[in-house]
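These are the residues of each chain, in order.
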Amino acid sequence: MREWLFLECTKCKNRYYRTSKNNKKPEKLELKKFCPVCREHTPHKEKKK
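Throughout what follows, the structure given in this document is the object of discussion. (Residues numbered from 1 in each chain as written. Predicted model: local features only at pLDDT ≥ 70, side-chain atom pairs only at ≥ 80, totals over all residues. Heavy atoms only, no water.)

1. Notes on the sheet that holds strand 3 (residues 30-35)
So the rule is basically this: Here the rule is simple: two strands pair whenever DSSP picks up at least two bridges between them. Numbering of helices and strands starts at the N terminus; helices are DSSP runs of H or I of at least 4 residues and strands are runs of E of at least 2. To get an axis, fit a line to the C-alpha atoms, keeping to the stretch in contact for a helix; angles then go from 0 to 180 degrees between the N-to-C directions.
Read from one edge of the open sheet, four strands run 2-1-4-3, paired in antiparallel fashion. Edge positions in the sheet fall to strand 2 (15-22) and strand 3, since each of these pairs with one other strand and no more. Within the sheet, the average angular offset between the axes of one strand and its neighbour, ignoring direction, is 40°. Examined bridge by bridge, strand 3 and strand 4 (residues 40-47) share six bridges and lie antiparallel to one another. Pairing of E30 across the sheet is with K45, part of strand 4.

Next comes the structure, spelled out in structure tokens:
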């Protein structure tokens, strides 16, 4: 079963992206996304609601 989660910017701590991931994988998701507050591409880490 898939689980919904939010991606939080590592610089400004704002949450702009929502995605899903498989529950069977225990590692945390980290993607490089554009942050409108920082106005640059930054790493975004997985955070629960």
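On we go.
2. Description of the packing of aromatic side chains
Keep this limit in mind: Paired rings are identified among Phe, Tyr and Trp, the last through its six-membered ring, by centres lying within 6.5 Å, and are further divided according to the angle between planes into stacked (under 30 degrees), edge-to-face (over 60) and tilted (the rest). The rule is short: NZ of Lys or CZ of Arg within 6 Å of the ring centre and within 35 degrees of the ring normal puts a charge over the ring.
Scanning all chains against the criterion turns up zero aromatic pairs. If you follow R18 out to its NZ or CZ, it ends over the ring of W4, 4.0 Å from the centre. Above the plane of the ring of Y17 lies K33, whose end atom (NZ or CZ) is 4.6 Å from the centre.

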